[in-house]
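Fold and geometry: a report
One letter stands for each residue in the lines below.
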Amino acid sequence: MSDQKPLVALTPCHNTEKDEPYMRPAYLKAIQAAGGTPVILPLDLEEAELQRFAAMFDAFLFTGGPDLHPFHFGEDTQRHCGNVSPKRDRLELALLKQVIKAKKPLLGICRGIQLINIGLGGDIYQDIPSQFEEDFPIAHTQPFAYEIPSHTVTVVPETLLARITGAGKIHVNSMHHQAVRRLAPGLKATGHAPHGLIECVEMPGYPTFFLGVQWHPEYLWEQDTAAKNIFAEFIKAAN
């Protein structure tokens, strides 16, 4: 068995005004702390390069970011929809197919869970406040620092999330205005916010690691065991 740390490919953030890729350090720190070596992918990759990378890397992290273009799930743009990155949409939707085909460990965070669901045939709420009714509106875009949890997620028993967290309920942070609506075929919702909004998805029967979470464990792992275990199990699968 190799002593080398697993290579984890991260999809890049995209400054659309300057057309520049970038990465938030929190993702890199979380992967490194869990024992992996993070590598940021370029924005522009051809199909052959995507196939090669899917074979070459040990695991893939689909990071947070802007809204996906609604055309990808057959809708017009809702008036509360935010900025989009066509380059990033193209890269991630194509990469997702290759990663699943290669059966590599896969973790999606925030935009990542939405990307997974859309890429596999589901859709999302383009704007939670105007499309999802709550009698006590949860702060899905929290008003304080990302390192502080803001609401709970109820974990479905006997799932990957339950095994990772060892809990029936966890505390999460929250910074999103979109969320999974109609679940894609083959996916299972395994964590819910108050009022039932989907916060975690898995693919039952996937041979390695497949998890999409709506919150940001990369800001919580230093003080939260459940968040730390998400990255630990992800890297363990990459080994």
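In what follows, the accompanying structure is described. The structure displayed is predicted, hence computed values, not measured ones.

Side note on the packing of helix H2 (residues 47-56) against helix H3 (residues 86-101)
Interhelical geometry of H2 versus H3 gives an angle of 45 degrees and a closest axis separation of 9 Å. Taken together, the axes of H2 and H3 lie oblique to each other. H2 and H3 meet at a crossing whose hand is right-handed. Across from Glu-47, Leu-50, Gln-51 and Ala-54 in H2, the residues of H3 making contact are Leu-91, Ala-94, Leu-95, Gln-98 and Val-99. Of the residues assigned to the contact of H2 with H3, the class counts are six nonpolar, two polar and one charged.

Thoughts on the nonpolar core
Membership of the largest hydrophobic core comes to 33 residues, with the highest contact counts inside it found for Val-8, Leu-61, Leu-107, Ile-109, Leu-211, Trp-215 and Phe-234. By residue number, the principal contributor to this core is helix H7 (residues 225-238), which donates seven residues. Look past the residues within four positions of Leu-61 in its chain and what remains in contact with it is Val-8, Ala-9, Leu-10, Thr-11, Tyr-27, Ile-31, Leu-107, Ile-109 and Phe-234. Phe-57, Leu-68, Ile-116 and Tyr-206 belong to the second-largest nonpolar core, a separate cluster that totals 32 residues.

Regarding the packing of H3 against helix H4 (residues 111-119)
Close contact between H3 and H4 brings their axes to 10 Å; oriented N to C, the two are set at 65 degrees. By the angle between their axes, H3 is roughly perpendicular relative to H4. The two elements H3 and H4 meet at a crossing, and its hand is right-handed. Residues Arg-88, Asp-89, Glu-92, Leu-93, Leu-96 and Lys-97 of H3 lie in contact with H4, whose contacting residues are Arg-111, Leu-115, Ile-116 and Gly-119. Looking at the contact of H3 with H4 residue by residue, the classes come out as four nonpolar, one polar and five charged.

Rules used throughout
- Residues numbered from 1 in each chain as written.
- Predicted model: local features only at pLDDT ≥ 70, side-chain atom pairs only at ≥ 80, totals over all residues.
- Heavy atoms only, no water.
- Axes fitted to C-alpha atoms, helices over the stretch in contact; angles between N-to-C directions.
- Helix = DSSP H or I, 4+ residues; strand = E, 2+ residues; numbered from the N terminus.
- Parallel < 35°, antiparallel > 145°, perpendicular 65-115°, else oblique.
- Left-handed = near helix turned anticlockwise from the far one by under 90°.
- Contact = heavy atoms within 4.5 Å.
- Nonpolar A, V, L, I, M, F, W, Y, C, P; charged D, E, K, R; others polar.
- Core = buried A, V, L, I, M, F, W, Y, C linked by side-chain atoms within 4.5 Å.
- Buried < 20%, exposed > 50% of the residue type's maximum accessible area, 1.4 Å probe, protein only.

Don't take any of this as a statement about function, it's just geometry.
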